[in-house]
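Overview (structure and organization)
Listed below are the residues making up each chain.
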Amino acid sequence: MSTADQQAPRSLAEALRARDDASLAALLRARPDLITPVPTDLTQLATRAGTRASVVRALERLDAFALQTAEALAVAGDPATWDELLGLMAGDARDPAVAAALPGALAGLREQALVWGADDRLRLVRTARELLAPSAQHPSPTGLGPSVREATAGMSPGRIQEFVANAGLPSTHDSVSAVTALTSLFSRRRKMAALLAKAPAGSLDVLERLVWGPPYGQVTAEPAAHLRWLLDRGMLLPTAPGTVVLPREVALHLRAGRAHRSPQPTPPAVQPLVTHRPEVVDATAAGQAYTALTTVEELLKEWDEGGPAVLRAGGLSVRDLKRTAVALDVSEPVAAFWVELAYAAGLLASDGEADERYAATPEYDEWLERPPAERWARLAEAWLTATRTSGVVGGRDLKERALSALGPGLDRSAAPEVRRRVLTLLAGLPEGAVPDAEAVPARLRWERPLRGPQPQGAAGPHGPQNPPGSQPAQTAHGAHGEADLRSRLARWTLTEAELLGVTGRGALSAHGRALLGAGAAATAARPAATGAVPAGPGDKLPAHHRPVVPAGAAAASAPEQAVATAAAARLLAPLLPEPLDHVLLQADLTAVAPGPLRRPLADVLSVLADVESKGGATVYRFTPGSVRRALDAGRSASDLHAFLAEHSRTPVPQPLAYLIDDVARRHGHLRVGAASAYVRCDDESVLNEILADKRAAALRLRRLAPTVLAAQADPATLLDGLRAMGFAPAAESAEGDVLITRAHARRTPPRTAPEPVPDGPPVPDGTLLTAAIRAIRAGDLAATTPRKPAEDAAPLGPGQLPRTSSAETLATMQAAVLTGEALWIGYVNAEGAASQRVIAPVRVEGGFVTAYDHTADEVRTYPLHRITGVAELADD
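A brief structural summary. (Residues numbered from 1 in each chain as written. Predicted model: local features only at pLDDT ≥ 70, side-chain atom pairs only at ≥ 80, totals over all residues. Heavy atoms only, no water.)

**Concerning the overall build of the protein chain**
Per the secondary structure count, the protein chain includes 35 helices and 25 strands. By residue count, 48% of the 876 residues in the protein chain fall in the buried class. Partitioning the intrachain contacts of the protein chain with sequence separation of at least 6 by distance along the chain shows that 68% fall at a separation of at least 24. About 40,800 Å² of surface is accessible on the protein chain, with carbon and sulfur atoms providing 54% of the total. (Helix = DSSP H or I, 4+ residues; strand = E, 2+ residues; numbered from the N terminus. Buried < 20%, exposed > 50% of the residue type's maximum accessible area, 1.4 Å probe, protein only. Contact = heavy atoms within 4.5 Å. Areas by Shrake-Rupley, 256 points an atom, 1.4 Å probe, with all protein chains shown as cover.)

Given below as structure tokens:
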């Protein structure tokens, strides 16, 4: 055996054992599920890295080219050589772009422990090979079928010899050598080309229809001559009655050696479509940011006295969502976005009452008191990190139940990663640049081709199963269209970022760039993990030099995001319009607010007038009903005149003054109390007018006294009825005082914002990685340290603890204290958990041994009665 063979790892555990700490940290960072819980040693880490769930998760996080590389290894030999892999990826022509990118892709697969071994013995993890290799149940995403050896397994030796003879090869003595000869013929380009040159017309057309997959086809009991020619030479091999398959070696010859029709060594570029001046982008985004604030305020003001009822299954009804959309003057999907945003920010929740309704939370009142830039920053941060996705509202879940706004089933764990990634791609463009709308989803599909939902009938990470003879199926790299969740999330992100003011005119704003954090531009400019590096098997690139960014790894921690959010607020603050303390009163009973109003002015004006139109300038209209609403809220006519005179830059128009005085003169002239209800008025003629009015019939009034009418309706209905008849009644208390009605702001009990649903285990931080790697190394040391065999002792099996008597244990410990040698012990803790450790005893007294524990890397004390046995370590 050569020195190279002796040094080559024989298993994934040995390959991991040869890594340095930086490389192990990169593996655990890329696959955080491997560290939950921390493995006891490298053998357990390798076993966990080969489990089906972990491998599927790792494959889902590969980019398109890395996944193509893994698929090529799945159809290559086991082990494969660098030249074999290069031929499958770059073809006979050795595509230079593919050849340049392949070492980086292979390094990424090695880093994630999906591939191990040297360049002359590349091995794909067994579970990954099972998932990606072709079989009759799930054809390979490459479109290749089984090899000649696999397809002829179980076939009669005589039939195999017929293939060999018809192909012009000498007969052999056994089936194994016959299959080898046939495989060699199909794999040699010149001999195979010469054989196909003799094929009858139509034979090559049959092969061309199967060459890119699916490789299965149907034949009749009496095939045509051109099909019979292929069948006789093993170029089509039977798999079942009436079904044939194109062997892998034949397909690779027809493909010029390529495993994939379209290798994708480089990601689709996200290029600028148009470019605006950065100042214009920032100003547009700031204007939209202020609109976002007013929209959320308007939404929660609409629900101030109690919002829509909560459905029994949770969420808003379709009717309530439509009403909200009308109130906000937006479409229903946009209304769902604003509702979900307020919920994600903790400003909106259900009140938890028996008649459960949605209402603002106490946090909403605190939010209103903050400066506008800080209020926007809270909304933007909630949007960036939320997993609830308003875009799926109106769809159906897996049980065909409708998905409603604020209801269950809206969490999509990939949403935060996609939002951040989309904004990062925008940050990588020049300032003010707007990308092509389809370029961003295309880029995300390349980065995570397997993260979309699997079509019905999918097997593992593959696309849909293809019945024999069906049309070629789209590979895992093909677009899933609207079924691709990541593409839809990307499109929703672009729309929502514009609504929220993170982008302006489609370009990322300065405050949007700050929201991502300082590393956004660097992340956008970072080359892909499969980027171009020098090609060749001799380019031994350490795995930790080519980091693979796992899903969500670019997301900032909570403190980092808080710093980024504060920076975004500081950049946005100067761009937001200053609130005004005045309006412009018009002679047509309207008031124009030329910009945002200060809160006290806006609150009073919203009671005194109705909003007629919104936009750059808001138009309010004064009506008898709106003036009466202000009087009902406790304002007097003199208060209203003084308020308008103080806050109007124009003189108070005479029609508006007359309107206020006229409504105030009649306000409270009629009094409504509880009888069921009554009306009293000092002017008998007014009561006579009411009794004579046909519209009062429903109130069933009757005169109790010259100045009092009794009604069988309740006071609220009586008030509404008289107001509909044109009167201005006022409610009064039992003592006869006028009741002042003020809007009652309904609030929920304190509520916390919904927690995002994590997309798998969190990426470990540096401290956890350092501690975990130290524990794994120490456990591996204890498990693999050679032991000196004891006399007359049976060899221990893997995982078994040493067993010695108490006297032997004590004597060995005392001797080790004198010599300073390390020992291997078995130890059972107070919970009954057994472990093996390597210790260097320092002191033995009182039934305890004090030793330096190499496994824990610290000095510890162990009770002797808990030590199952002890063994000396071998000299080497």
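Having put the structure on the table, let's press on.
**Some points on the sheet that holds strand β24 (residues 858-863)**
The five strands are arranged β24-β23-β22-β21-β25 in an open sheet whose pairing can be described as antiparallel. The open sheet has two edge strands with one neighbour each: β24 and β25 (867-872). Averaged over all neighbouring strand pairs, the angle between strand axes comes to 45 degrees, with direction disregarded. The sheet contact formed by strand β21 (residues 823-828) and β25 spans five bridges and is antiparallel. From the neighbouring strand, Trp824 faces β25, where its bridge partner is Ala871. On the sheet, helix α35 (residues 806-819) packs against β21, β22 (834-845), β23 (848-853) and β25 and is oriented at approximately 60 degrees with respect to β22. (Pairing = 2+ DSSP bridges. Axes fitted to C-alpha atoms, helices over the stretch in contact; angles between N-to-C directions.)

**Brief notes about the packing of helix α28 (residues 599-608) against helix α29 (residues 624-632)**
At a closest axis distance of 7 Å, the pairing of α28 and α29 adopts a crossing angle of 120 degrees. By the criterion of interaxial angle, the relationship of α28 to α29 is oblique. Counting all contacts with α28, which are made through Ser606, Val607 and Leu608, the residues of α29 involved are Ser626, Val627, Arg629 and Ala630. Residues belonging to the contact of α28 with α29 are distributed by class as follows: four nonpolar, two polar and one charged. (Parallel < 35°, antiparallel > 145°, perpendicular 65-115°, else oblique. Nonpolar A, V, L, I, M, F, W, Y, C, P; charged D, E, K, R; others polar.)

**A few points about the packing of aromatic side chains**
Aromatic rings in a pair are described by how distant their centres are and how their planes are angled relative to each other. The full count for this structure, using the stated rule, is four aromatic pairs. Taking the centre distance of 4.8 Å and the plane angle of 70 degrees together, the rings of Tyr827 and Tyr862 count as edge-to-face. With a gap of 35 residues between them, Tyr827 in strand β21 and Tyr862 in strand β24 connect regions that are remote in the sequence. By relative accessible area, which is 12% here, Tyr827 ends up buried. (Phe/Tyr/Trp six-rings, centres within 6.5 Å; stacked < 30°, edge-to-face > 60°.)

**Digging into the sheet that holds strand β3 (residues 216-218)**
Sheet strands associate in pairs through backbone hydrogen bonding, adopting either a parallel or an antiparallel arrangement. Taken in spatial order, the three strands make up an open sheet running β3-β5-β4, and their pairing is antiparallel. A single partner strand is all that each edge strand has here, and the edge strands are β3 and β4 (237-240). The average undirected angle you get between the axes of adjacent strands in this sheet is 40 degrees. As defined by bridge partners, β4 adjoins strand β5 (residues 243-245) across three bridges and the pair is classed as antiparallel. Among the inter-strand pairings, Pro238 is bridged to a residue of β5, identified as Val244.

**A look at the pattern of salt bridges**
Counting across every chain of the model gives 29 salt bridges. In this structure, Arg189 engages Asp92 in a salt bridge whose closest nitrogen and oxygen atoms are separated by 2.7 Å. Here Asp92 lies in the loop between α7 (82-90) and α8 (96-111) and Arg189 lies in helix α13 (residues 189-197), a separation of 97 residues in the sequence. Asp662 is the salt-bridge partner of Arg666, the closest N and O atoms lying 3.8 Å from each other. Of this pair, Arg666 and Asp662 both sit in helix α31 (residues 654-666), four residues apart, which is roughly one turn of the helix. Under the relative-accessibility criterion, Asp662 is labelled partly exposed at 29%. In this structure, a network of salt bridges that share partners links the residues Asp78, Arg123 and Arg129. (Salt bridge = Lys/Arg side-chain N within 4 Å of Asp/Glu carboxyl O.)

**Overview of the nonpolar core**
Counting residues in hydrophobic clusters, the biggest one holds 96 residues, and the most contacted among them are Leu59 and Leu236. The leading source of residues in this core is helix α6 (residues 64-75), at nine residues. Setting aside anything within four residues of it in sequence, one finds Leu236 in contact with Val206, Leu207, Leu210, Leu227, Leu230, Leu231, Val244, Val245, Leu246 and Pro247. Within the second largest apolar cluster, 73 residues are counted, among which are Tyr290, Leu341, Leu384 and Ala497. (Core = buried A, V, L, I, M, F, W, Y, C linked by side-chain atoms within 4.5 Å.)

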